Amino acid sequence: EFNLLQSSYPLPSRFDDYLENPRPGRCIRFDDKIRHDCLRLLAFWEEWMITGGFIDESMMALALHFFLKDTQKLSPEYRFRCLLIDEMQDFSTMDLRLIRSLSYSEKPDSLFLAGDPVQKILVKNHNIEAANLGRGNAIQAEIKKNYWNSRQILEAASMLVQANVERAKKLEESIELLKPELALRETNRPTAVQTDTSE
């Protein structure tokens, strides 16, 4: 929950924004009391970290967020001519806002993001639109062929996704499904075995 808070809401408006907005991607609903507790615990955690002289990547992004307007005033020698970001699905909305501010977003070919939302493993909030990316003169392209997984792995993944489509709809989550026929190679079928938890 701390990751969601730190990756979604800038500090000045964190309290109100968190209480008013849904918690995307979370299947366990939190009432107001639990949300207030989360805010208090996170504030304590951040204060404890700073007092001890420590800062993690989420806190760094939050701290830098205060200087977003200042980055626009940087002279050219302190700015990136172009940025290439791989595995962008693992960057939070806050991270993406910072990245956008450090590039010449008005110039062509200044920012290149590559990633696969299906491979997102972190619980950070990741919203391209909220980071002001993907609009204006942005060009989006999709690679249709799957060079990583085999047809059999995609078939197994497809079955797992189909079993959870209704649950995802209730959570208002979108599911992106890679079609097995887009895979370029074949392997043995993966096997799932249910075992007794005592084993």
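Structure first, text after, so check above.
In what follows, the accompanying structure is described. Please read these numbers as outputs of a predicted model, since none were measured by experiment.

Quick look at the overall build of the chain now. A count of helical and extended segments in the chain gives eight helices and two strands. Along the chain, helices (α) and strands (β) appear in the sequence α-α-α-α-α-β-α-β-α-α when read from the amino end. Here the chain holds 199 residues, and the buried ones make up 28% of them. The long-range share in the chain, meaning contacts at least 24 apart out of those at least 6 apart in sequence, stands at 71%. Only carbon and sulfur atoms are counted for the fraction: they give 57% of the accessible area of the chain, which is about 14,300 Å². The average position of the 26 basic charges and that of the 31 acidic charges among the side chains of the chain differ by 4 Å.

Here the focus is helix 3 (residues 32-51). Compared with an ideal rise of 1.5 Å per residue, which puts 20 residues at 28 Å, helix 3 spans 29 Å between its outermost C-alpha atoms and is within 8% of the ideal. Of all the residues in helix 3, the buried ones are R35, C38, L39, L42, E46 and M49. Down the axis of helix 3, the smallest arc covering the buried residues is 100°, so these residues share one side. Facing away from the buried side of helix 3 by over 90 degrees, the exposed positions are K33, R40, F44, E47, W48 and T51. Tucked into the core, helix 3 has its buried residues touching helix 1 (2-8), helix 2 (14-20) and helix 4 (57-65). Where helix 3 begins, the capping side chain belongs to D31, and its oxygen is found 3.2 Å from the backbone nitrogen of K33. A positive phi of about 80° marks G53, the residue just after helix 3.

Bringing the pattern of salt bridges into the picture now. This model, assessed by the stated rule, comprises seven salt bridges. Among the ionic pairs, D37 bridges to R40, the shortest N-O distance being 2.6 Å. Taken together, the positions of D37 and R40, both in helix 3 and three residues apart, correspond to about one turn of that helix. Among the residues examined, R40 registers a relative accessible area of 53% and is labelled exposed. Taking the shortest distance from any N to any O, the salt bridge between R151 and E186 comes out at 3.1 Å.

Formed by L83, I85, M88, L96, I99, I128, A131 and L133, the largest nonpolar core amounts to eight residues. Breaking this core down by element, the ones donating at least two residues are strand 1 (83-85) and helix 6 (93-102). With sequence-adjacent residues up to four places away left out, L96 is seen in contact with F91, H126, I128, A131 and L133. In terms of nonpolar packing, the next biggest core, distinct from the first, is built from six residues, L5, Y9, Y18 and L39 among them.

With that settled, consider the packing of helix 4 against helix 6. One can describe the packing of helix 4 onto helix 6 by two numbers: an axis separation of 9 Å at closest approach and a directional angle of 50°. One way to sum up the angle between helix 4 and helix 6 is to call them oblique. The interaxial crossing formed by helix 4 with helix 6 has left-handed handedness. Seen from helix 4, the contacting residues are A61, L62, L64 and H65; seen from helix 6, they are M94, D95, R97 and L98.

The subject of this paragraph is helix 6. Of all ten residues that make up helix 6, eight are buried, and the element is covered over most of its length. Among all positions of helix 6, only T93, M94, D95, L96, R97, L98, I99 and S101 are buried.

To continue, consider the packing of aromatic side chains. In total, this model carries two aromatic pairs according to the counting rule given. Judged by centre distance (6.0 Å) and plane angle (65°), the rings of Y9 and Y18 are edge-to-face. Here R35 stacks its cationic end above the ring of Y18, 5.2 Å away from the centre of that ring.

Taken together, the side chains of L11, I55, M60, L64, F66 and F67 make up a nonpolar region of the molecular surface, amounting to roughly 560 Å² of accessible area. Summarising the element assignment, M60 is placed in helix 4. Residue M60 is classed as partly exposed on the basis of its relative accessible area of 41%.

Analysis parameters
- Residues numbered from 1 in each chain as written.
- Predicted model: local features only at pLDDT ≥ 70, side-chain atom pairs only at ≥ 80, totals over all residues.
- Heavy atoms only, no water.
- Helix = DSSP H or I, 4+ residues; strand = E, 2+ residues; numbered from the N terminus.
- Buried < 20%, exposed > 50% of the residue type's maximum accessible area, 1.4 Å probe, protein only.
- Contact = heavy atoms within 4.5 Å.
- Areas by Shrake-Rupley, 256 points an atom, 1.4 Å probe, with all protein chains shown as cover.
- Lys, Arg positive; Asp, Glu negative; His and termini not counted.
- Charge placed at Lys NZ, Arg CZ, Asp CG, Glu CD.
- Expected span 1.5 Å × (residues − 1).
- Arc of directions from axis to C-beta.
- Polar contact = N/O pair within 3.5 Å; in protein donor to acceptor, adjacent residues only side chain to side chain.
- Salt bridge = Lys/Arg side-chain N within 4 Å of Asp/Glu carboxyl O.
- Core = buried A, V, L, I, M, F, W, Y, C linked by side-chain atoms within 4.5 Å.
- Axes fitted to C-alpha atoms, helices over the stretch in contact; angles between N-to-C directions.
- Parallel < 35°, antiparallel > 145°, perpendicular 65-115°, else oblique.
- Left-handed = near helix turned anticlockwise from the far one by under 90°.
- Phe/Tyr/Trp six-rings, centres within 6.5 Å; stacked < 30°, edge-to-face > 60°.
- Lys NZ or Arg CZ within 6 Å of the ring centre and 35° of its normal.
- Patch = residues over 30% accessible without salt bridge, like charges linked within 9 Å, V, L, I, M, F, W, Y side chains within 5 Å.

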